[in-house]
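# Observations on the three-dimensional arrangement
Single-letter residue listing:
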Amino acid sequence: MFQRQKSDTKLRRTPSFFTEARHLAEPVEVQPSQEWRVKSTRTHGGVLAVCLNAEVEPPDCVFPRALRTGAGRLLCGIDPLGASQAEQRKVVGRIGRQLELQYEQLHGSRSTVFKQCLDPTVEALHRACRRQRREARDEALLFHFCGHGVPAPSELGEIWLFNDSYTEYVPVRAADVAEWLGGPSLFVLDCPCAGRLVRALARRGADAATAGGAAAAAAAAPVVLGATEADEWLPVADDFPADVFTACLTRPLETALQLAMRSSLRRASGGPPPPAA
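To start, this report covers the structure provided alongside it.

How each quantity is defined
Residues numbered from 1 in each chain as written. Predicted model: local features only at pLDDT ≥ 70, side-chain atom pairs only at ≥ 80, totals over all residues. Heavy atoms only, no water. Helix = DSSP H or I, 4+ residues; strand = E, 2+ residues; numbered from the N terminus. Buried < 20%, exposed > 50% of the residue type's maximum accessible area, 1.4 Å probe, protein only. Contact = heavy atoms within 4.5 Å. Areas by Shrake-Rupley, 256 points an atom, 1.4 Å probe, with all protein chains shown as cover. Patch = residues over 30% accessible without salt bridge, like charges linked within 9 Å, V, L, I, M, F, W, Y side chains within 5 Å. Salt bridge = Lys/Arg side-chain N within 4 Å of Asp/Glu carboxyl O. 1 Å grid on protein atoms, 1.4 Å probe; cavity = no way out; pocket = protein on both sides within 12 Å on 5 of 7 lines; lining within 4 Å. Points joined across faces, edges and corners; volume = space filled by probe spheres on them. Nonpolar A, V, L, I, M, F, W, Y, C, P; charged D, E, K, R; others polar. Expected span 1.5 Å × (residues − 1). Arc of directions from axis to C-beta. Pairing = 2+ DSSP bridges. Axes fitted to C-alpha atoms, helices over the stretch in contact; angles between N-to-C directions. Core = buried A, V, L, I, M, F, W, Y, C linked by side-chain atoms within 4.5 Å.

## A word on the overall build of the protein
- On a plain count of helices and strands, the protein comes out with nine helices and seven strands.
- Of all 277 residues assigned to the protein, the portion counted as buried reaches 38%.
- Contacts in the protein between residues at least 24 apart in sequence constitute 69% of all its contacts with a sequence separation of at least 6.
- When the accessible surface of the protein is totalled, it reaches about 16,500 Å², and 56% of it is carbon and sulfur.

## Quick notes on the environment of Arg-65
- Note that Arg-65 resides in the loop between β1 (43-50) and α3 (88-107).
- Separated by 171 residues in the primary sequence, Arg-65 and Val-236 place their C-alpha atoms 9.7 Å from one another.
- When near neighbours in sequence (up to four residues on either side) are disregarded, Arg-65 contacts Leu-52, Asn-53, Ala-54, Val-56, Glu-57, Arg-73, Pro-80, Leu-81, His-148 and Gly-149.

## Quick look at a nonpolar patch on the surface
- There is a patch of nonpolar side chains on the surface, built from Val-62, Phe-63, Trp-233 and Val-236 and spanning about 360 Å² of accessible area.
- When its relative accessible area of 37% is taken as the criterion, Val-236 is described as partly exposed.

## Quick look at empty space enclosed by the protein
- This structure, assessed with the given rule, holds two cavities of 30 Å³ or more.
- Put simply, the largest cavity is a space of about 40 Å³.
- As for the largest cavity, its lining consists of Leu-75, Cys-76, Ile-95, Leu-99, His-144, Cys-146, Asp-190, Asp-243 and Thr-246.
- Of all elements in the fold, only α3 and β3 (140-146) reach the threshold of two or more residues within the lining of the largest cavity.
- Its residues assigned to classes, the lining of the largest cavity comprises five nonpolar, two polar and two charged.
- Together, Phe-143, Phe-145, Ile-159, Ala-174, Val-177, Phe-187, Leu-189 and Leu-197 line the second largest cavity.
- Among the elements of the structure, β3, α5 (174-181) and β6 (185-190) are those that each provide at least two residues to the lining of the second largest cavity.
- Considering only residue class, the lining of the second largest cavity consists of eight nonpolar, no polar and no charged.

## A short note on helix α4 (residues 122-136)
- Taking 1.5 Å per residue as the helical rise, α4 with its 15 residues ought to reach 21 Å, and the 21 Å between its terminal C-alpha atoms agrees with that figure.
- Burial in α4 covers these residues: Val-122, Leu-125, Ala-128, Cys-129, Gln-132, Arg-133 and Ala-136. One side of α4 holds all its buried residues, which, seen down the axis, span an arc of 135°. The outward face of α4, more than 90 degrees from its buried face, is lined by the exposed residues Arg-127 and Arg-134.
- Looking at the buried side of α4, the elements it contacts are β1, β2 (113-118), β3, β4 (158-162), β5 (169-173) and α5.
- Positive phi shows up at Arg-137, right after α4, with a value of about 60°.

## Concerning the layout of surface pockets
- Of the volumes computed, that of the second largest pocket is approximately 260 Å³.
- A breakdown of the residues in the lining of the second largest pocket according to their chemical character gives eleven nonpolar, two polar and four charged.

## Structural notes on the sheet that holds β1
- If you trace the five strands from one edge of the open sheet to the other, you get β2-β1-β3-β6-β7, paired in parallel fashion. The open sheet is flanked by β2 and β7 (223-226), the only strands paired with a single partner. Each strand of the sheet is rotated relative to its neighbour by a mean of 10°, with strand direction disregarded.
- Of the strands in this sheet, β1, β2 and β3 are in contact with α4, which crosses β1 at around 175°.
- Contacting β1, β3 and β6, α5 crosses the sheet at an angle of about 145° to β6.

## Some points on the nonpolar core
- Counting residues in each nonpolar core, the largest one holds 28 residues, and the members touching the most others are Val-47, Leu-125, Phe-143, Phe-145, Ile-159, Val-177 and Phe-187.
- Taken together, the elements giving at least two residues each to this core come down to β1, α4, β3, β4, α5, β6 and α6 (194-212).
- Excluding residues within four positions of it along the chain, Val-177 makes contact with Leu-125, Cys-129, Phe-143, Ile-159, Val-172 and Phe-187.
- Grouped together as the second largest cluster of nonpolar side chains are 17 residues, Val-50, Ala-54, Leu-75 and Cys-76 included.

## Points about the pattern of salt bridges
- Counted by the stated rule, this structure contains eight salt bridges.
- Across the pair Arg-199 and Glu-155 runs a salt bridge, and its minimum N-O distance is 3.7 Å. Here the residue Arg-199 occupies a position in helix α6, and Glu-155 occupies one in the loop between β3 and β4, the gap between them amounting to 44 residues.
- Glu-254 is paired through a salt bridge with Arg-251; the nearest N and O atoms lie 3.1 Å apart.
- Through salt bridges with shared partners, a single network forms among Glu-155, Arg-196, Arg-199 and Asp-231.

This is the structure in structure tokens:
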């Protein structure tokens, strides 16, 4: 009698697993899952569009470069206003070259080919994209847009370039640039209101999916990294560079250490905390 009670108590205390209704129901046929990983592709190079025009501020500029101080004036570690008036056109070339070096160091391969488009016209950007795609064939290409010297992208998803005499801003659709560049591709958009371009490129991929299916959408929709939301302007502060988005992508460790050092020095001096980048 004593042994039976002991055995019953042991059975009652034994935990049970997988006894809920969802575990006891008949198994449901599982649909085969789609492969979500993107097939690894080599990056051939890219097009670096630096739209600066250091001599003229864009008409919708919220905080002019001339009023900025400290690191807030730097693009790729270079002050565009630090050059003399006669060398204003040359400083764009220095920034473009430094941007190219940052991407080459990040990629770690000497075989990558980057094409600098410095204050480009629509025709110049079109030629550069088409040429890079011919040479890259099926390999991935990068398109970097530095829009610190042109108006913010339009609501229609257009970026602004220049005419031949640099007297007018000329719009071009981001979807057209994506078509010129082909796929696979990666867009890095360091400009205010970059979310407008992200939406436009996403719509292009959705239209391609409707017309030709998932394969066409994958070829038409590039990977897009934008610095700001659709109605957001680039951050401005003395503690981080004007192109902090590009700096975090191409020089992550160096940028993180610089921001931490400046923040520590500011706290040690009793100043206000730096704004969030």
